[in-house]
Amino acid sequence: MHRNDLTLVLGGTGKTGGRLVHLLTGRDLPVRIGSRSGGVPFDWEDRATWGPALDGVRSVYLSYYPDLAVPGAPETVGAFAELAVARGAQRLVLLSGRGEEEAAATEKAVAATGADLTVLRAAWFAQNFSESYLLDPVLAGEVALPAGDVREPFLDADDIAAAAAAVLTEDGHVGRTYELTGPRLLTFAEAVAEIAAATGRDLGYVTVPVADFTAGLAAEGAPQEVTDLLTYLFTSVLDGRNAHLDDGVRQILGRPARDFTDYARATAATGVWNPENAS
């Protein structure tokens, strides 16, 4: 990657994209934020925005919203990648998921473009507890999910962004697929207990039937596609298939992945989990 090459970061205001933008701009590398509110707007659902967002771009961080598990994702992301290559983008980095058939299909669709591709298969984000749909339950004092004793290697979004920055800017990663996980397997109940210890709050975890979980999302007004996605992730994907560790973070960065305890302590210090600070 040459210093003047423009990188398009899709989801550039999201959990991983926002962090990646910060890292790249911190190195004085030119970045375009791909979002509906960006200076050059980008919207996955509006293909008319794709071309302008790709003008002058030489590398792309592909992060699909809301998730690669959504029906049609392989076709959409594949079509975008094909256009990106046709418009002159050379290096693509795809944020993918572990153990998801749809994610694997997307990887194949992007690879078929012939781009210089690196795939980052990420475990469940630790930041889902602080920057996403699990924040409100933590603030309320009880997390209720259809996840029992299955363990997940929760991954810090900072590590994802650091890995993405490295594979975008360094040689030796083209054609590679990295499995990114945290260094330890935890159940969701154990993760909530870690947050409780870090905050000093009395937090509970309850395993609920899938039907109750789905009904609760509907009662909160969650869009059907979100309900379907979360139900799929907690039932089909969280069945033990990903209950193992991989060393992708170490392979890329030469250091261990960040532990969930460190994430919980650092996040607790920001006050985001204090109910009195909630708006």
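See the structure shown above.
Residues numbered from 1 in each chain as written. Predicted model: local features only at pLDDT ≥ 70, side-chain atom pairs only at ≥ 80, totals over all residues. Heavy atoms only, no water.

Enquirer: What is the right way to look at the overall build of the protein in this model?
Expert: On a plain count of helices and strands, the protein comes out with eleven helices and eight strands. Expected size for 279 residues packed as a compact globule is a radius of gyration near 19 Å; at 19 Å, the protein falls within 12% of this value. C-alpha extents for the protein along the principal axes are approximately 55 × 35 × 35 Å. Out of the 279 residues in the protein, the part that is buried amounts to 51%. Nonlocal contacts in the protein, meaning residues at least 24 apart in sequence, comprise 77% of its contacts between residues at least 6 apart. Total accessible area computed for the protein in this model is approximately 12,300 Å², and 49% of it derives from carbon and sulfur atoms. Side chains of the protein give 22 positive and 38 negative charges; the mean places of these two sets differ by 7 Å. (Helix = DSSP H or I, 4+ residues; strand = E, 2+ residues; numbered from the N terminus. Rg over C-alpha atoms; globule rule 2.2 N^0.38 Å. Buried < 20%, exposed > 50% of the residue type's maximum accessible area, 1.4 Å probe, protein only. Contact = heavy atoms within 4.5 Å. Areas by Shrake-Rupley, 256 points an atom, 1.4 Å probe, with all protein chains shown as cover. Lys, Arg positive; Asp, Glu negative; His and termini not counted. Charge placed at Lys NZ, Arg CZ, Asp CG, Glu CD.)

Enquirer: Just to check I follow, could you spell out unusual backbone geometry for this structure?
Expert: Glycine aside, residues mostly have negative phi angles, and peptide bonds mostly take the trans form. Residue P66 follows Y65 across a cis peptide bond; omega there is 5°. For P66, the position within the fold is in the loop between β3 (57–62) and α3 (73–86). Even without being glycine, D28 reaches a positive phi, approximately 60°. When you line up the elements, D28 lands in the loop between α1 (17–26) and β2 (31–34).

Enquirer: Mind showing me how you'd approach the nonpolar core here?
Expert: The tendency in soluble globular proteins is for nonpolar side chains to be buried as a group. F129, L145, F154, F188, F234, F260 and W273 are the most contacted members of the largest nonpolar core, which has 35 residues in total. Counting only elements with at least two residues in this core, the list comes to α5 (135–140), β6 (142–145), α7 (188–199), α8 (210–219), α9 (224–237) and α11 (260–270). Per-element tally for this core: the top contributor is α9, with six residues. Apart from residues lying up to four places away in sequence, W273 is in contact with F129, S130, L135, V138, L139, I195, T199, R201, Y263, A264, T267 and A268. (Core = buried A, V, L, I, M, F, W, Y, C linked by side-chain atoms within 4.5 Å.)

Enquirer: What is the right way to look at the side chain of T261 in this model?
Expert: By the element assignment, T261 lies in helix α11. The contacts of T261, once residues within four sequence positions are left out, are R184 and E194.

Enquirer: Looking at this model, I keep getting lost on helix α6 (residues 157–169). Mind explaining?
Expert: Owing to its 3.6 residues per turn, the α-helix brings residues three or four apart onto one side. Between its terminal C-alpha atoms α6 stretches 18 Å, which fits the 18 Å expected from 13 residues at 1.5 Å a residue. Summarising burial for α6: twelve of the 13 residues are buried, a large majority. Those residues of α6 lying buried are A157, D159, I160, A161, A162, A163, A164, A165, A166, V167, L168 and T169. Backbone nitrogen of D158 and a side-chain oxygen of the N-cap are separated by 2.7 Å at the start of α6; the cap is D156. (Expected span 1.5 Å × (residues − 1). Polar contact = N/O pair within 3.5 Å; in protein donor to acceptor, adjacent residues only side chain to side chain.)

Just distances and angles here, no functional claims.
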